[in-house]
Each structure stands twice: as structure tokens, then as C-alpha cells.
Amino acid sequence: MKKIFKKVFKTSDKILFQEYFLKKKNFLNYSNEIRQNYKKKNFINSISKIQYILNFLKKDKFHKIVDLKNIIDVKEENINFVAFRCDVDAGVWSLEKMSKLFNKYNLSVYFYILINSYYYGQLFKNNIERNTFFFKNYLSKLKNENQKVGIHNDIYGLIKSGHNGVKFLKQEINWLNKKNYNIISSSAHNSAYVYGAENFQIFKEFSNPINKKFFLKNYNLKTGVISQKNLGLTFEANFPLIDLQKKRLNKYFKKKNDPIRNKLWLKNHFLQNPIYTSRYDVDIWVTGKNSWFIADRKGKKIYLNKNINEIINFLKSENGKKIVVNLHPDYFE
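If you're wondering where the values come from, they're calculated on a predicted model, not measured in any experiment. (Residues numbered from 1 in each chain as written. Predicted model: local features only at pLDDT ≥ 70, side-chain atom pairs only at ≥ 80, totals over all residues. Heavy atoms only, no water.)

Caption draft 1: Region of interest: the pattern of salt bridges. With the rule as written, the count across this model stands at twelve salt bridges. With a closest N to O distance of 3.2 Å, Lys100 and Glu145 form a salt bridge. Residue Lys100 is found in helix H5 (residues 95-104), and its partner Glu145 is found in the loop between helix H6 (132-144) and strand E6 (148-153); the two are separated by 45 residues along the sequence. We classify Lys100 as partly exposed; its relative accessible area is 42%. Among the residues examined, Glu145 registers a relative accessible area of 16% and is labelled buried. Residue Asp283 is joined to Arg297 by a salt bridge in which the shortest nitrogen-to-oxygen separation is 2.9 Å. Of the two residues, Asp283 sits in strand E11 (residues 282-288) while Arg297 sits in the loop between strand E12 (291-296) and strand E13 (301-306), which places them 14 residues apart along the sequence. (Salt bridge = Lys/Arg side-chain N within 4 Å of Asp/Glu carboxyl O. Helix = DSSP H or I, 4+ residues; strand = E, 2+ residues; numbered from the N terminus. Buried < 20%, exposed > 50% of the residue type's maximum accessible area, 1.4 Å probe, protein only.)

Caption draft 2: View of the packing of helix H4 (residues 48-59) against helix H12 (residues 308-317). Two elements in contact, H4 and H12, have axes separated by 11 Å at closest approach and are oriented at 20 degrees. The orientation of H4 with respect to H12, classified from their angle, is roughly parallel. For H4 against H12, the interelement crossing comes out right-handed. For the pair H4 and H12, the contacting residues are Lys49, Tyr52, Ile53, Phe56 and Leu57 in the first and Ile308, Asn309, Ile312, Leu315 and Lys316 in the second. Here the contact of H4 with H12 is built from residues that sort into seven nonpolar, one polar and two charged. (Axes fitted to C-alpha atoms, helices over the stretch in contact; angles between N-to-C directions. Parallel < 35°, antiparallel > 145°, perpendicular 65-115°, else oblique. Left-handed = near helix turned anticlockwise from the far one by under 90°. Contact = heavy atoms within 4.5 Å. Nonpolar A, V, L, I, M, F, W, Y, C, P; charged D, E, K, R; others polar.)

Caption draft 3: Spotlight on the pairing of strand E14 (residues 322-326). Taken across its five residues, E14 has five buried, putting it largely inside the fold. Residues of E14 alternate between two faces, with Lys322, Val324 and Asn326 on one and Ile323 and Val325 on the opposite face, all of them buried. Judged from the five bridges that link them, strand E2 (residues 80-88) and E14 form a sheet pairing that is parallel. Across the sheet, the residue bridging to Phe81 is Lys322, located in E14. (Pairing = 2+ DSSP bridges.)

Caption draft 4: How the structure looks around H6. For H6, which comprises 13 residues, the first-to-last C-alpha distance of 17 Å matches the rise-based estimate of 18 Å (1.5 Å per residue) to within 8%. Restricting attention to buried positions, one finds in H6 the residues Phe133, Phe134, Phe135, Tyr138, Leu139, Ser140 and Leu142. Residues of H6 that are buried make contact with helix H3 (24-40), H5, strand E3 (110-113), strand E5 (128-130), E6 and helix H8 (165-178). In the stretch just after H6, Asn146 is the one whose phi turns positive, near 65 degrees. (Expected span 1.5 Å × (residues − 1).)

Caption draft 5: Quick peek at the packing of aromatic side chains. In total, this model carries 29 aromatic pairs according to the counting rule given. Geometrically, the ring pair formed by Tyr110 and Phe235 is edge-to-face, given 5.3 Å between the ring centres and 85 degrees between the ring planes. With Tyr110 in strand E3 and Phe235 in strand E8 (residues 235-236), this pair connects stretches of sequence that are 125 residues apart. Of the residues examined, Tyr110 reaches a relative accessible area of 3% and is grouped as buried. (Phe/Tyr/Trp six-rings, centres within 6.5 Å; stacked < 30°, edge-to-face > 60°.)

Caption draft 6: Layout of the side chain of Gln228. Relative to the helices and strands, Gln228 resides in the loop between helix H9 (192-195) and E8. With sequence-adjacent residues up to four places away left out, Gln228 is seen in contact with Phe203, Glu205, Phe206, Leu233, Thr234, Phe235 and Glu236.

Caption draft 7: Region of the structure containing the side chain of Ser186. Relative to the helices and strands, Ser186 resides in strand E7 (residues 185-188). Overall, Ser186 belongs to the buried group, its relative accessible area being 1%. Each residue touching Ser186, except ones within four places of it in the same chain, is listed here: Tyr112, Ile151, Asn153, Phe203, Leu233, Phe235, Glu236 and Ala237.

Function cannot be inferred from these measures alone, as they are strictly geometric.
Here is the structure:
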């Protein structure tokens, strides 16, 4: 399996892909390999951690769970509003459990799928061979449990790897809509730390006039190429407000540490980002086994390596904030 993944695929390799990756056994083997790797790194949590948060939020009178699309519009004194999102990077093993849990609490959460991930399908130069096993056995179950599907937008990753990213983005949104997934939202994958600009900056709505091309990456990739409205998208999960501060870009891009596990990088990205700020107040992410971080823009603080009880204590201590909890399914089982 490892030897196959080192192979560079060409259009002529279509048969190999169909014979290997689209078989149920091989799909599950590769998914399990990722899962075991996450376990070795001590990344995996019990899904009961999510239930613990949901129980608290449902019972506490000072917290209300809202749909992600409404998070910046809600307002009520002394109430914390909390929305959930799930960015599906690689791990699909927990999708069914997570969707059932959210549905049990009468919640409909956006799961953002990555079209250039192994689980979605194989990309060739001019087309995508979609993984029918994934759609039949994973994505359809999200819909059956009243969950919502969005696009985890990695358009600059597609372009950088030699694909027509705009074409693929349009094509897959249209195809998913024909399958009744009603795609109205995207969430940017990776960050400007990786590509030189945020993936949502491909959209005209989030392209600063100064930033027509990337500053620090030599890919000659443009921003503001297409309108999200023209793709039928109504909101971006980061709710970005572009505020480009060119003088701070060099400092931002110099950090070489693992971003989501480095406090200084987290501070630069979530609190002092030279490109954008999110229009809600707090991000909460899980980054490992019983390890979470909180980025509180309103309080101007980063809290790193917090356990689930410390997350609850933070929620109890705050009021009047708009909070988004990002639960990558990779980190749960």
C-alpha cells in the first residue's frame, strides 16, 4: 500500500486506481492505516468527549447552540452562542458515529469534505474518478442523519499540484448538488502559511485589492478569480473580514513549527493575522487526545493543550461571545 501511494498517477493509470482504491477492502485498509497512525501519535479521542460538551451546552441556560450559518447574526446579552463545524481532512471512520450523535441532539452540522483527499476519489489531469464506496457508505449516511455537507476548499492545493482548481471546484459542487447535497458553504483548508494566501481568497468577496497575486510564494497564483455567489455558496465557515496588513506578513510566514500545536503560531494566525480576522469571537479546536486549544479574539488570548473539563470551565466563565467549535473527525472514534 505504501509503495502504491508513492506512485505518481497519470491518466493511463485509471485501471490501477479502479482495481485498487475503489475496492471496499482496500479503502478500509488505507483508512485504518491512517487511523492507526493517529493512534500512535496519541491523537484519537472517544466520541463521548463531544457528547460531554453537548450535554453541558443543552443544559446550561447561558449557552445556546445555533446553526453555523447564523453565528455572526445572533445576539443576546449574557448568552454564549455556540456553533459546530466538522472539517473532514482524512479520517472518515467516525463520520457515522458523529452524525448519529448530532442527530440525537436535534443538531444539523456542516461536514466539509475535501475533494482532493483520498476518500473522495482520484484526481487525474482533467477529471476526478469519484470513490463510490465513500459516497454510498459514508456521505449518504450524513444526509440520512440530517447532517449537512459543505466543501473543504483546497483550491490552491489543486492548482499547485497542476490541476484546474476552479474547474474542479465548480464541477464537484454542481455534481453534489445534483445528488441533493445542497452545497451552500465552504471552509478553507490549510492556511496562508502553506500557500501564501487563504484558500477563500480565490473568491472575489474575500480578495483585497492589494493582494492580486501571492506575496511570498512563487506560484504566480491569483486571488479573486471567481465569486462564491456564482457557485451557489452563501457563506464561508471562517466568516473572514479581509484586513490586509502587508508589513506583518513576513513575521507571519517565518514560523516553521507545526501550526496547530505551536502557541506562537496560533497567536499570529488567530489573534494577529495580517490577512483577515473572523467575525465571530472564539475558535475551539481539538488537536490530539484530550488536547484542545482556544483562540479567544475578544479576550486576546490563546489557551493551548487544554483538556475537556478546562474547555467546559472556559465556556462557563465567558458570556456574550460567539463561539465556533471545529471538530475534525480524524480525532475521534
